[in-house]
Structures are given as structure tokens and as C-alpha cells.
Amino acid sequence: MSRIDFLFEVGTEEIPAGYLAPALAALEERLSQALTAARLDFKRLRTWATPRRLAVGLWGLAEGQADTLKEITGPPVKVAFDQAGRPTKAALSFAQNQGVDVADLITVETKKGEYLAVRRKEQGRPTAEVLTEILPPLILGLPFPKVMRWGRGEVAFVRPIHWVLAVLDGRVLPLSLGGITAADTSRGHRFLHPEPVEIDSPDDYENRLAAAHVIVSFDRRLDLVQEEIARAAAENGTDLRVLPDEELETEVANLVEEPAAICGRFDESFLKLPAPVLITAMREHQRYFALTDGQGRLQPYFIAVNNTRARDLNVVRRGHQRVLRARLDDARFYFEDDRKTTLESKQEALKEVVFHSLLGTSWEKVQRFTRLAEDLADRLDPAVKPVLLRAAGLCKCDLVTGVVGQFPSLQGVMGREYALLDGEPEEVAQAIQEHYWPIRAGGELPRTSAGALLSLA
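Residues numbered from 1 in each chain as written. Predicted model: local features only at pLDDT ≥ 70, side-chain atom pairs only at ≥ 80, totals over all residues. Heavy atoms only, no water.

J.: Help me understand the layout of surface pockets, please; the structure alone is not making it clear to me.
T.: It is the rolling of a water-molecule-sized probe over the atoms that shows where space remains empty. In this model, the largest pocket occupies a volume close to 1000 Å³. Forming the walls of the largest pocket are 32 residues, and the residues nearest its centre are Ser-409, Leu-410, Val-413, Ile-439 and Arg-440. At the level of secondary structure, the elements contributing two or more residues to the lining of the largest pocket comprise α7 (246–253), α8 (275–286), β17 (289–292), α13 (413–421) and α14 (426–434). If one sorts the elements of the lining of the largest pocket by residue count, α8 sits on top with five residues. For the lining of the largest pocket, a count of residues per class yields 14 nonpolar, seven polar and eleven charged. Its volume calculated, the second largest pocket comes out at about 250 Å³. In this structure, the second largest pocket is lined by 18 residues; those nearest its centre are Ala-21, Leu-24, Phe-218, Arg-221 and Asn-254. Of all the secondary-structure elements, those providing two or more residues to the lining of the second largest pocket are α1 (17–37), β2 (44–50), α6 (218–235) and α7. Element by element, the count of residues in the lining of the second largest pocket is highest for α1, at six residues. Its residues assigned to classes, the lining of the second largest pocket shows nine nonpolar, five polar and four charged. (1 Å grid on protein atoms, 1.4 Å probe; cavity = no way out; pocket = protein on both sides within 12 Å on 5 of 7 lines; lining within 4 Å. Points joined across faces, edges and corners; volume = space filled by probe spheres on them. Helix = DSSP H or I, 4+ residues; strand = E, 2+ residues; numbered from the N terminus. Nonpolar A, V, L, I, M, F, W, Y, C, P; charged D, E, K, R; others polar.)

J.: Sorry if this is basic, but what is going on with the sheet that holds strand β4 (residues 68–76) here?
T.: Think of a sheet as strands paired side by side through backbone hydrogen bonds, with each pair either parallel or antiparallel. The sheet built from three strands is open, its strands ordered β4-β6-β5 with antiparallel pairing. Edge positions in the sheet fall to β4 and β5 (106–110), since each of these pairs with one other strand and no more. Within the sheet, the average angular offset between the axes of one strand and its neighbour, ignoring direction, is 45°. Pairing geometry for β5 and strand β6 (residues 113–122), over five bridges, is antiparallel. Looking across to β6, one finds that Val-108 is bridged to Tyr-115. Along the sheet, helix α3 (residues 89–98) makes contact with β4 and β6, crossing β4 at roughly 155°. (Pairing = 2+ DSSP bridges. Axes fitted to C-alpha atoms, helices over the stretch in contact; angles between N-to-C directions. Contact = heavy atoms within 4.5 Å.)

J.: Mind showing me how you'd approach the pattern of salt bridges here?
T.: Tallied over the entire structure, the rule returns 34 salt bridges. One salt bridge in this structure joins Glu-14 and Arg-190, with 2.9 Å as the shortest N-O distance. Residue Glu-14 is found in the loop between β1 (3–12) and α1, and its partner Arg-190 is found in the loop between β13 (185–187) and β14 (196–198); the two are separated by 176 residues along the sequence. With a relative accessible area of 37%, Glu-14 lands in the partly exposed category. In this structure Arg-190 comes out as partly exposed when scored by relative accessible area, which is 35%. Taken together, the shared-partner salt bridges in this structure form one network comprising Glu-9, Arg-52, Arg-53 and Glu-257. (Salt bridge = Lys/Arg side-chain N within 4 Å of Asp/Glu carboxyl O. Buried < 20%, exposed > 50% of the residue type's maximum accessible area, 1.4 Å probe, protein only.)

J.: Teacher, can you tell me more about a nonpolar patch on the surface here?
T.: Side chains of Val-353, Leu-399 and Val-400 sit close together on the surface and give an oily, nonpolar patch of about 170 Å² of accessible area. Residue class for Val-400 comes out partly exposed when judged on its relative accessible area of 30%. (Patch = residues over 30% accessible without salt bridge, like charges linked within 9 Å, V, L, I, M, F, W, Y side chains within 5 Å. Areas by Shrake-Rupley, 256 points an atom, 1.4 Å probe, with all protein chains shown as cover.)

J.: Would you mind showing me how to read the confidence of the model for the chain here?
T.: Caution is warranted with low-pLDDT regions, since their predicted coordinates should not be read in detail. For the chain, the mean per-residue pLDDT works out to 94, and 100% of the residues sit at or above 70. The secondary structure element of the chain with the lowest average pLDDT is β4, at 84, and the one with the highest is strand β9 (residues 161–168), at 98. (pLDDT = per-residue confidence, 0-100.)

J.: Sorry if this is basic, but what is going on with unusual backbone geometry here?
T.: Here the amide bond leading from Trp-437 into Pro-438 is cis, since omega sits at -5°, within 30 degrees of zero. Within the element layout of this structure, Pro-438 appears in the loop between α14 and α15 (449–456). Here Arg-39, not a glycine, exhibits a phi torsion of approximately 60°, which is positive. By secondary structure assignment, the location of Arg-39 is in the loop between α1 and β2.

J.: Whenever I open this one, α13 confuses me. Can you help?
T.: Structurally, the α-helix is built with 3.6 residues per turn, so residues lying three or four positions apart point the same way. Counting buried residues in α13 gives seven out of nine residues, a clear majority hidden from the surface. Listed as buried for α13 are Val-413, Met-414, Gly-415, Arg-416, Glu-417, Tyr-418 and Ala-419. The elements touched by buried residues of α13 are α8, α9 (313–338), α12 (402–406) and α14. Directly beyond the C-terminal end of α13, a positive phi value near 90° is found at Gly-423.

J.: Even after reading the chapter, I still don't get empty space enclosed by the protein, so can you show me in this structure?
T.: Applying the stated criterion across every chain, the model contains one cavity of 30 Å³ or more. Computed from the structure, the largest cavity encloses a volume of approximately 30 Å³. Surrounding the largest cavity, Asp-338, Arg-339, Thr-341, Thr-342, Leu-343, Lys-346, Thr-401, Tyr-418 and Asp-422 form its lining. A class-by-class count of the residues in the lining of the largest cavity yields two nonpolar, three polar and four charged.

J.: How should the pairing of β6 be read in this particular structure?
T.: Two faces make up the sheet, and in a regular strand the side chains alternate between them. Examined bridge by bridge, β4 and β6 share seven bridges and lie antiparallel to one another. The residue bridging Lys-70 from the neighbouring strand is Arg-120, located in β6. Linking β5 to β6, which pair antiparallel, is a turn of two residues.

J.: Can you walk me through the packing of helix α11 (residues 385–394) against α15 in this structure?
T.: Angle between the axes and distance between the axes: these two values describe a pair of packed helices. Between α11 and α15, the least distance of the axes is 9 Å, while the angle of their chain directions is 50°. Taken together, the axes of α11 and α15 lie oblique to each other. When you trace α11 past α15, the crossing you get is right-handed. Taken together, the residues of α15 that come into contact with α11 (itself represented by Val-387, Leu-388, Ala-391 and Ala-392) are Ala-450, Leu-453 and Leu-454. Each residue belonging to the contact of α11 with α15 can be placed in one class, and the counts come to seven nonpolar, no polar and no charged. (Parallel < 35°, antiparallel > 145°, perpendicular 65-115°, else oblique. Left-handed = near helix turned anticlockwise from the far one by under 90°.)

J.: I would appreciate a short explanation of the nonpolar core in the present structure.
T.: Nonpolar side chains in soluble globular proteins generally cluster together in the buried interior. Grouped together as the largest cluster of nonpolar side chains are 46 residues, with contacts concentrated most on Met-282, Val-403, Met-414, Ile-432 and Leu-454. At five residues, the largest contribution of residues to this core is made by α11. Listed in part, the 39 residues of the second largest apolar core include Ile-15, Ala-49, Leu-131 and Ile-139. (Core = buried A, V, L, I, M, F, W, Y, C linked by side-chain atoms within 4.5 Å.)

J.: How do you make sense of the side chain of Arg-221 when you look at a structure like this?
T.: For Arg-221, the position within the fold is in helix α6. We note that Arg-221 is buried and unpaired, the nearest opposite charge coming from Glu-257 at a distance of 7.1 Å. A distance of 2.7 Å separates a polar atom in the side chain of Arg-221 from the backbone oxygen of Ile-215. Contact partners of Arg-221, with chain neighbours within four places excluded, come to Ala-49, Thr-50, Ile-215, Val-216, Ala-253, Asn-254, Val-256, Glu-257 and Pro-259. (Lys, Arg positive; Asp, Glu negative; His and termini not counted. Polar contact = N/O pair within 3.5 Å; in protein donor to acceptor, adjacent residues only side chain to side chain.)

Okay, structure coming up:
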């Protein structure tokens, strides 16, 4: 049987960056399983994704299903024939239901004994017919944290579907998805190449779209994001280093189809804020990369990665700077407001924060785990008790601060910063931050005894 290639792409409105990698993994796994179950052999499968598309290519796909010999089991032999060897009603009914004579039935050995059976050759169907049947429910059934409905609400998918490309052996596969009929055209970059792009083979997919300013390979987009960031930092003319952030690089690579970075600047007065506040404001709200000098000190610069190459970069730069200034003004307001009172004075506010309807307030929670931490210290490291108890009383106080209210990921981090600003010992401040560790599987573990015991408690 000869081999053919297949290319499929579903085009949508912008898909959230965090959805892409899980969707591609599910697409690859489910399509492989569906093809195997459908007896369609293939040599290679590859998936691609950008914010506006999910795609898959198949190489060396069989032109049709392999023929198969189907065996249907009937009644036991001892029930199918009487003592004289004549077929009983059970044998006659089984043969009639299968459309064969009793003489055509065979005997097969099973774990339960001998049974009558019939073997029938099942002709394989053409690949086009099978793909048209399995693809629409497979694509619409991909798992996403949230889906949308549009139009009449008959279809649910991660985002509204705008186009479908389905080409089998150079010809359009006649299928429909979400009310959209498949064609042999994709779409280029929304702004740089909005015209349709004809593609008739998975071999041409990456190159045709690259010419239309769409980089469909995630690995290539990630490389370009890193190259663009390095270029923008170097073009500034000062000795700037990009603060390493692999997670943000990955997210940004899934937010753009052709990355273009630009370096901006913010007012140096904001450097009076703790570095974690500045970095988090840039990272979480704007997806900007922070920059440091050669000694690792934060500098009043940032790098933004855009999804298009603007004609006037200064206009784009001023826009980014204006937005960031508003974010940093907010952060400075909350920080300065927090600093009007000490961290310790915020303990009283924890009595108004409900931790759980059946377990009481955050204040009551603090009392419980403080007793547990003290008991652990008595058993394991009594000398650390003074530091441990002081840190336990302060470790949840930053939950009621304005900065943590704006940036929840800074819980513990701001507790440490505020403790140091209040003159608390370094070991107390460190234990406040470490009591949240590890934040995730494989995350950093507490380095101090007080932090470790508080984390356990």
C-alpha cells in the first residue's frame, strides 16, 4: 500500500499562552491512539501551535485501513449440536444472524472450551473517509481549562474558530469543524500578512507561514525571543544584563507569532522600591523582562516583546513606558501605605481574615501552627525556638498588605522585606520567606532550621 501525507490546522482567535503546550500534547497522544485504533499506519507525526492556531502533520500515512479478519464467537459446541450431531436452534440462529450456512461455521478453542465462530474479512476503508469521521470530535474534545461558545452556541472550543486547513495527499479533505468548511489555505500574521496562505503539504507548512511572518515552531520562536531580548539589551549602549526568567520566556514565546523586542526605561525613583516589587510588576502585569548591571543590581530599564514590528519604535516604546509607569505608581502607593505601620501591627488584621468557615480566621491558624512549630523545635532543635516563634507570629502578616493584595505571588517575599525594614533579625526575616517553601514540586527548600520547622508546621 502506498503512503501519503496529511496536514491539518484549525485557526482561532488568540488562545491563552498556558493552554498551548497541554493542548499539543493531548492532540499528539489522542490522534496517535485514534489512528492506531482505526488501523491507519503512519511513519511520523508532528504538532505545531501559535496563539492563533493548532496544527498537526502526518507523514507516511497509509492510503487506507488494513483489511482485517474479524472473528465472531457464537454458542458453545455442546449447546450447538445434539447427541446425534445435528445443529440445534442455537447453531441455526447464530448462522442465520451472521448470514452464513451452518456448514460455514468453525470451531475455536477458548478459555471456556470449544465454541462455534464465524470468520469474516472486513474490508478497510479509505483514509480520507476515516479522517473525516475521527478528526472533528477529536479536535473539539481537546482538554482546555475553559472553553467558549459563539454564534448559536452549538460548538464549544477554546476560542472561536475562523478557518480550517485539511489537505490529504495534496487535495482538500472534505470535513467541517465548528461550522467552518476545510480548505487548503491558512492565514499569515494578523497585521503583517493577513492574506490567505495556500499550503498543500506538511513539508511546506513551516516555510510558507514563515514567509507570512508566522513562526509555527515553538522551539524556533523561543530561540527568536531570546535573540531579540539579547539584541534589545545590547542596543541600549549600556552594560545591561537580562534577569534570567525561563518561565517568562516560554510564556512570551506562546504569546507571539513573530517576536520583536524593544528596550524601554522607567524613572530611577522607582528603584527605591524593593527589587521583587519592581520585577513582579513588570513580569506579571506586563510580561516585561527586568535588566540588571554586571553586579546584579536592578537598573531602570525593561524589555518588552511585541507581536509585530512597528514602523516607529519610539511610539511603541513610549506606549510601553506610559503603561509601566502607571503600574509602578500603583505599586509605590501600596508599598508606601504598607510602610505606615509595622509588620507586627498587622497581626490584629488577621483576626478579620477568614481562613476557612469551619477552621476560623488566619489569626487562629497562626496560633495552631505556632504551637506545632514549637513542639517540633522542642524535639529537633530547641536552640532555634526564639527565632522560630518570632517568625511564626509575623509570617502571615503580609497577607493583609496592599502589595501582596496586588501581587499574591509575593506572599512571604514581602514579609521578609517588611521585616528587614522594621529592623527584625535576618534569620527571622529569612524564616518568614522560607515558611512557604517549597512553592511547587521540585522547588527550593528552606535553608534554615527555623524556616524548615515553620514550613513543616
